[in-house]
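Report on the structure
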Number of protein chains: 2
Amino acid sequence: MTPRRFYRIRQILDQRQPDLTVLADGIHKSQNISAILRTCDAVGINELHWIVPPGEKSGIWKRSAGGSARWVKPQRHPDSAIAVAHLQARGMVLYAAHLSPTAVDYREVDYTRPCAVVLGAEKEGVSTAVRAACSAEITIPMYGMVESFNVSVAAALILAEVRQQRERAGLYDTGSRLPKDLYERTLFEWCHP
Amino acid sequence: MTPRRFYRIRQILDQRQPDLTVLADGIHKSQNISAILRTCDAVGINELHWIVPPGEKSGIWKRSAGGSARWVKPQRHPDSAIAVAHLQARGMVLYAAHLSPTAVDYREVDYTRPCAVVLGAEKEGVSTAVRAACSAEITIPMYGMVESFNVSVAAALILAEVRQQRERAGLYDTGSRLPKDLYERTLFEWCHP
Ligand SMILES: C[S@@+](CC[C@H](N)C(=O)[O-])C[C@H]1O[C@@H](n2cnc3c(N)ncnc32)[C@H](O)[C@@H]1O
Ligand SMILES: C[S@@+](CC[C@H](N)C(=O)[O-])C[C@H]1O[C@@H](n2cnc3c(N)ncnc32)[C@H](O)[C@@H]1O
């Protein structure tokens, strides 16, 4: 561990956004989850929430072991009610990335408040149950023949907007906003591979 | 074919950007190419250039058959010199998406001129030979521990900026800019599945 790396790790922890997360609703493909985790890390998200019914395979994480799953903690929930309750208890509003005629342009909502971006699976999209709990449905305009983006691409486009809003609001310059014990524990883990 | 679909297809063709493309340099994973094709379609790119040495498997396209490869034509080149010459002969400048200390922020270059965004493979990145032909190296800032985005995510982030610049410049409102024969041929193909 060089002093430079130690400094870098602290800087990254200082920029983590504990009031921002992603909720993956029914996303099964490991490659997609893996790419989403990696993007979460790059915008300062420190945990990803994930609805996985009990009994579903979790080998899905293998591909990202040693990679992004080390920097962004995946947190599983057995069903959507539990996941939604968990996030709402933390004061977050939910935005569903969803293709519907009533959805608003994804650049029109406020991501500087505590919030979770909800993403759906390739075929099913975000479930009706989860959508019912969302404050807004957001959509990314498309100019082509294909009707939707790959989910990890949609995640990245929305999170780029989130990051821009949070940069402007100074949310990356506040110094650490992680709870002190989580900060210390993470610092220790990241420094001792 | 409903009149509404016919109208939609013409609208999409009118918004195609023949002076904009992506050059995939050494990208092998079909899932990545597939996600990139889909994003290309959504920003109005009508062909994707792809460096594939002769003899390399092309089964890579199968996953997107019937999907994006129908709307965005993949064009293979046997080596980087041929690919670069082809794009430059069409008056395009090349921008390499690349993580280097000398790269500029990806929002700082001009994508309204005829241009190709060059993307590299997971391990190798954009090759030295291709980089030598590029007008600029562009990079997307990251706040996390992971050093790079998944390539299809990087493609999407850059193309979102490209789209925004081209929207502001009115390049989606010019009416068709495709060569007339290509326009007619594509219209026919898309209307007759
Ligand atoms: C492949 S899409 C799902 C499409 C699904 N067939 C539907 O109609 O909902 C996978 C997920 O990516 C996100 N997504 C993809 N394209 C999007 C867009 N243009 N706007 C908003 N979200 C999008 C959504 O979260 C969606 O559930
Ligand atoms: C996984 S990255 C390659 C990383 C490779 N090990 C390197 O150091 O070049 C795959 C491709 O995605 C693009 N890419 C990923 N993250 C990027 C970033 N932050 N800025 C610019 N391009 C990026 C580049 O085209 C890169 O070649």
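In what follows, the structure referred to is the one given above.
The rules behind the values
Residues numbered from 1 in each chain as written. Chains lettered and ligands numbered in written order. Predicted model: local features only at pLDDT ≥ 70, side-chain atom pairs only at ≥ 80, totals over all residues. Heavy atoms only, no water. Near = heavy atom within 4 Å. Polar contact = N/O pair within 3.5 Å; in protein donor to acceptor, adjacent residues only side chain to side chain. Areas by Shrake-Rupley, 256 points an atom, 1.4 Å probe, with all protein chains shown as cover. Helix = DSSP H or I, 4+ residues; strand = E, 2+ residues; numbered from the N terminus. Nonpolar A, V, L, I, M, F, W, Y, C, P; charged D, E, K, R; others polar. Contact = heavy atoms within 4.5 Å. Buried area = accessible area lost by both parts, 1.4 Å probe. Salt bridge = Lys/Arg side-chain N within 4 Å of Asp/Glu carboxyl O. Buried < 20%, exposed > 50% of the residue type's maximum accessible area, 1.4 Å probe, protein only. Axes fitted to C-alpha atoms, helices over the stretch in contact; angles between N-to-C directions. Parallel < 35°, antiparallel > 145°, perpendicular 65-115°, else oblique. Left-handed = near helix turned anticlockwise from the far one by under 90°.

1. So, the site of ligand 2
Neighbouring ligand 2 are 19 residues, the closest being B:Ala97, B:Gly120, B:Lys123, B:Ile140 and B:Phe149. Looking at what sits near ligand 2, you find residues from chains A and B. Between a nitrogen atom of ligand 2 and a main-chain N or O atom of B:Glu122, the distance comes to 3.4 Å. Interatomic distance of 3.0 Å between a backbone N/O atom of B:Phe149 and a nitrogen atom of ligand 2. For ligand 2, the protein covers 88% of the area, taking 570 Å² as the surface of the free molecule. When contributions to the shell around ligand 2 are tallied by element, the ones reaching two or more residues are strand 6 (115–120), strand 7 (136–139) and helix 5 (151–168) of chain B. Split by residue class, the shell around ligand 2 holds eleven nonpolar, five polar and three charged.

2. Some points on the site of ligand 1
Around ligand 1 sit 19 residues, and of these A:Ala97, A:Gly120, A:Lys123, A:Ile140 and A:Phe149 come closest. Residues near ligand 1 are shared among chains A and B, making this a multi-chain site. A:Ile140 has a polar backbone atom sitting 2.9 Å from a nitrogen atom of ligand 1. At 3.0 Å from a nitrogen atom of ligand 1 is found a main-chain nitrogen or oxygen belonging to A:Phe149. If ligand 1 stood free it would expose 570 Å²; the protein chains cover 89% of that surface. The residue makeup of the shell around ligand 1, split by class, is eleven nonpolar, five polar and three charged.

3. Describing the interface of chain A and chain B
Across the contact, 40 residues belong to chain A and 40 residues belong to chain B. Contact with chain B buries area across many residues of chain A, yet A:Arg38, A:Tyr143 and A:Met145 alone supply 28% of it, more than any other trio. Linking chain A with chain B are two salt bridges. For B:Glu122, the salt bridge identified is with A:Arg38, shortest N-O distance 3.2 Å.

4. As for the pattern of salt bridges
All names here are of chain B. A full pass over the atoms with the stated rule returns 20 salt bridges over all chains. For Glu47, the salt bridge is made with Arg90, and the minimal N-O distance between the two is 2.6 Å. You can see Glu47 sitting in strand 2 (residues 47–51) and its partner Arg90 sitting in the loop between helix 3 (80–89) and strand 4 (93–97), a full 43 residues away along the chain. Overall, Glu47 belongs to the buried group, its relative accessible area being 15%.

5. Here's the deal with the environment of B:Ala103
Residues and elements named next belong to chain B. Here Ala103 shows up in the loop between strand 4 and strand 5 (104–105). For Ala103, a relative accessible area of 14% gives the class buried. Residues Ala103 and Glu137, spaced 34 residues apart in sequence, show a C-alpha to C-alpha distance of 4.6 Å. Beyond its immediate stretch of four places on either side in the chain, Ala103 contacts His98, Glu137, Ile138 and Thr139.

6. Here we look at the packing of helix 6 (residues 151–168) of chain A against helix 5 of chain B
Running from N to C, helix 6 of chain A and helix 5 of chain B point in directions that differ by 45°, and their axes come no closer than 9 Å. Here helix 6 of chain A is positioned oblique relative to helix 5 of chain B, judged by the angle of their axes. Taken as a pair, helix 6 of chain A and helix 5 of chain B cross one another with a handedness that is right-handed. Between helix 6 of chain A and helix 5 of chain B, the residues in contact are A:Ser152, A:Val153, A:Ala156, A:Leu157 and A:Ala160 and B:Ser152, B:Val153, B:Ala156, B:Leu157 and B:Ala160, respectively. For the contact of helix 6 of chain A with helix 5 of chain B, the per-class residue count stands at eight nonpolar, two polar and no charged.

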